[in-house]
Amino acid sequence: MLEMKNVTKIFGDFKALDDLSLHVPQGSVYGLVGPNGAGKTTVIRHLTGIYQPDSGSVTVGGQPVWNDPAVKERIGYISDEIFYFPAATLEDMHQFYRQMFEPFDEALYQKLKEIFPLPAGPIRRFSKGMQKQAAFHLTLAARPEVMILDEPVDGLDPVMRRQVMSLILDQVAERGTTVLISSHNLRELEDVCDHVGIMDHGKMLMEKSLADMQGGTVKLQIVGDAPAGFEILHESRSGRLNTYILRGGCQEVRDRCEAMDPAYFDVLPLSLEEIFIYELGGVNYEVKKSVL
């Protein structure tokens, strides 16, 4: 549904995207993650048609997104920094969205206002969390085919974060909406995403379904050495117990350990946060100890 093929974008002497490819399947929830400066916002601005690639292609539903208003009308975008017209109230933006998006789901908009009420007055005076709520009221009621969300729950309290994520998943289940979420909150992404892309320095390091990603890297705790033949991403020791992060399948690692018959071992799946840390550790993002 969303696709970037071999996209390069250069600003002056800085290469923001370096031959990057990205594939977001129809009806999926895709988590785009990476350290600060990895190029996530640049990716989003290409997918929403704000930037034109220097080379490569960017398409939504097979159609180039750059300079095509009809394609852009299919996209709902909520940025990290919310922008509204300077003196606009929520009702002003409501009327604006009704004219811009057809069909606009008036019943859903009114229901969201009732469930998550917001104060009167200019939106610019709202807290950041309330501005995010306003953006979701308007964007969800516009019924986009694609939702692109940059740090969508930043500024929201824990209860509202859960409610917003539930609303997003409802759109996917009921309408087959395709969703791309860029966020630093990997624990929340793990709860909602079925595909993940890990970026660094403008490149896509890894792009897989979450199940495949978690099934291909494991944590082994063992008394003794790790079995041979597996790539070791990280290792540590505490007394007799060694902990290894291995690239390999859980059952394969377990079978090899059982054959070694150690005094103790356990094979554990990794969280998305752990996968992110150890994958980036391979490209010099390992957490380093400092002595003050």
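Residues numbered from 1 in each chain as written. Predicted model: local features only at pLDDT ≥ 70, side-chain atom pairs only at ≥ 80, totals over all residues. Heavy atoms only, no water.

Working note: α-helix, 3.6 residues per turn, so residues spaced by three or four point in the same direction. Here helix H4 (residues 106-115) has its buried residues at Leu-108, Tyr-109 and Leu-112. End-on, the buried residues of H4 take up no more than an arc of 100 degrees, which puts them together on one face. Structural note: H4 exposes Ala-107, Lys-111 and Glu-114 on the side pointing more than 90 degrees away from its buried face. Contacts from the buried residues of H4 go to helix H3 (90-100), helix H5 (128-141) and helix H6 (158-175). Sitting at the head of H4, Asp-105 places a side-chain oxygen 3.3 Å from the backbone nitrogen of Ala-107. (Buried < 20%, exposed > 50% of the residue type's maximum accessible area, 1.4 Å probe, protein only. Helix = DSSP H or I, 4+ residues; strand = E, 2+ residues; numbered from the N terminus. Arc of directions from axis to C-beta. Contact = heavy atoms within 4.5 Å. Polar contact = N/O pair within 3.5 Å; in protein donor to acceptor, adjacent residues only side chain to side chain.)

Turning our eyes to something else, we now look at the nonpolar core. Core analysis: the biggest nonpolar cluster contains 50 residues, and Tyr-84, Phe-136, Leu-149, Val-179, Val-196 and Ile-198 have the highest contact counts within it. For this core, the leading source of residues is H5, giving 6 residues. When near neighbours in sequence (up to four residues on either side) are disregarded, Phe-136 contacts Ile-78, Leu-112, Ala-141, Met-147, Leu-149, Pro-152, Val-164 and Ile-168. Of all hydrophobic cores here, the second largest spans 24 residues; its members include Val-7, Leu-17, Leu-22 and Val-146. (Core = buried A, V, L, I, M, F, W, Y, C linked by side-chain atoms within 4.5 Å.)

Before going further, it helps to spend a moment on the pairing of strand S7 (residues 146-150). For S7, a buried count of 5 out of 5 residues is recorded, marking the element as mostly surrounded by other parts of the structure. In S7, alternate side chains face the same way, and those of Val-146, Ile-148 and Asp-150 on one face and Met-147 and Leu-149 on the other are all buried. Note that the unit made of S7, H6 and strand S8 (residues 178-182) has a crossover that is right-handed. (Right-handed = clockwise from strand over helix to strand, strands pointing away.)

With that settled, the discussion passes to the confidence of the model for the protein. Caution is warranted with low-pLDDT regions, since their predicted coordinates should not be read in detail. On average, residues of the protein carry a pLDDT of 90, and 96% of them reach 70 or more. Note on residues 284-292: pLDDT is under 50 here. Beyond four places in sequence and across chains, it has 7 contacts. (pLDDT = per-residue confidence, 0-100.)

It is worth spelling out the sheet that holds strand S11 (residues 217-223) at this point. Spatially, the 4 strands line up as an open sheet ordered S12-S13-S11-S14, and their pairing is antiparallel. Of all the strands in the sheet, the pair left with one neighbour each is strand S12 (231-238) and strand S14 (265-269). In this sheet, neighbouring strand axes are inclined to one another by 20 degrees on average, regardless of whether the strands run parallel or antiparallel. Sheet strands in contact with helix H9 (residues 250-260) are S11, strand S13 (241-247) and S14, and its direction is about 175 degrees off that of S14. (Pairing = 2+ DSSP bridges. Axes fitted to C-alpha atoms, helices over the stretch in contact; angles between N-to-C directions.)

Another aspect to go through is H3. Among the residues of H3, those classed as buried are Leu-90, Met-93, His-94 and Tyr-97. Relative to the axis of H3, the buried residues are bounded by an arc of 110 degrees and lie together on one face. The inward-facing, buried residues of H3 abut H4 and H5.

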